[in-house]
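Coordinates in review
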Amino acid sequence: MTARVSSKVSLVSGAATGIGQSIAARLAKEGSSVVVGDIDESKAQEVVEEINKKGGKARFVHLDVTNEDMWREVIALVETDLGQLDILVNNAGITIVETVDKMLLSDWRAVMAVNVDGVFLGTKCAVPAMKRAGGGSIINISSILGLTGLEKLSAYCASKGAVRLFTKAVALECGRDGSGIRVNSIHPGYIHTAMMEDTCKRDYDGDIPKGLAELGKLHPMGRVGQPDEIAAGVVYLASEESKFVTGSELVIDGGYTAV
């Protein structure tokens, strides 16, 4: 166990699988007490058990990021049981693949509810708690598609672009009010998760290795990323190593957006 975020309390949304799961595990490994938030209790409890088995500290909370009352309840619980909230990682996100002319308004709104409203609500509810704690770090998981566009993903691109600029606006608010709260966004490239494997199955006739190889070619480094590579960026932004970093975009994409 190392201690880059020792004695800090973190809350990670969408932490039952994929990038969120890796973020929770890495924060715990680096000394944080981690609250694993998700709507999938079964998988989230598995994440908690694995962290605790390895000597970390984790607990589960049921969290629907589109529900403001639930956010308030969860953060109040964190403060009551763990004393404070130091780190919030707004990670939960969904996507819908469809051309704009065929996309349903209900699908568009579903993406915005999770990817934009969820980040807004988490931030809104976390800021007062972090002010009470004397500061904190909010890390919003955006995407390379918050920096550039891609066909059939207009809703996702719009939502992640919103997260990017929302992050900057709140960083200015918190930077100038003396609260000690830093707010940054992370922009992952294509990352090897179960969701990506499902994409490979759909788009490459069930051939996951072929799909990963083809998606890897989109990155100048020639491969897709790993969840722990995003988690490493989260730990940096959560720790005192980044104490002069706010309103920034940490792009972890193997060179995808440099082209």
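Here is a short report on the structure shown in this document. What you see is a predicted model; the values in this text were computed from it and never measured.

Here we look at the sheet that holds strand S6 (residues 181–188)
Strand order across the open sheet formed by seven strands is S3-S2-S1-S4-S5-S6-S7, with parallel pairing between neighbours. The outermost strands of the open sheet, each flanked by one partner alone, are strand S3 (57–62) and strand S7 (249–252). The mean angle between the axes of side-by-side strands here comes to 20°, regardless of whether they run parallel or antiparallel. Inspection of the sheet shows strand S5 (residues 136–141) paired to S6 by six bridges, in the parallel sense. The residue bridging isoleucine 139 from the neighbouring strand is asparagine 184, located in S6. Strands in contact with helix H2 (residues 41–53) are strand S2 (33–38) and S3; relative to S3, the strand with the most contacts, it is inclined by about 170°. Against the sheet, helix H8 (residues 227–238) touches strand S4 (87–90), S5, S6 and S7, its axis set at about 165° to S6.

Concerning the packing of helix H6 (residues 194–203) against helix H7 (residues 208–216)
Running from N to C, H6 and H7 point in directions that differ by 105°, and their axes come no closer than 8 Å. As the angle between them shows, H6 and H7 are arranged roughly perpendicular. Contact with H6, carried on its side by Met196, Glu197, Cys200 and Lys201, involves Ile208, Gly211, Leu212 and Leu215 of H7 and no other residues of that element. Split into classes, the residues belonging to the contact of H6 with H7 amount to five nonpolar, one polar and two charged.

Considerations on the pairing of S6
For S6, a buried count of eight out of eight residues is recorded, marking the element as mostly surrounded by other parts of the structure. Alternating residues of S6 divide into Ile181, Val183, Ser185 and His187 and Arg182, Asn184, Ile186 and Pro188, and every residue in both groups is buried. Across four bridges, the pairing between S6 and S7 is parallel. Note that in S7 the partner of serine 185 across the bridge is glutamate 249.

Each value, and the rule that gives it
- Residues numbered from 1 in each chain as written.
- Predicted model: local features only at pLDDT ≥ 70, side-chain atom pairs only at ≥ 80, totals over all residues.
- Heavy atoms only, no water.
- Pairing = 2+ DSSP bridges.
- Helix = DSSP H or I, 4+ residues; strand = E, 2+ residues; numbered from the N terminus.
- Axes fitted to C-alpha atoms, helices over the stretch in contact; angles between N-to-C directions.
- Contact = heavy atoms within 4.5 Å.
- Parallel < 35°, antiparallel > 145°, perpendicular 65-115°, else oblique.
- Nonpolar A, V, L, I, M, F, W, Y, C, P; charged D, E, K, R; others polar.
- Buried < 20%, exposed > 50% of the residue type's maximum accessible area, 1.4 Å probe, protein only.

From the geometry alone we can't say anything about function, so treat these as descriptive.
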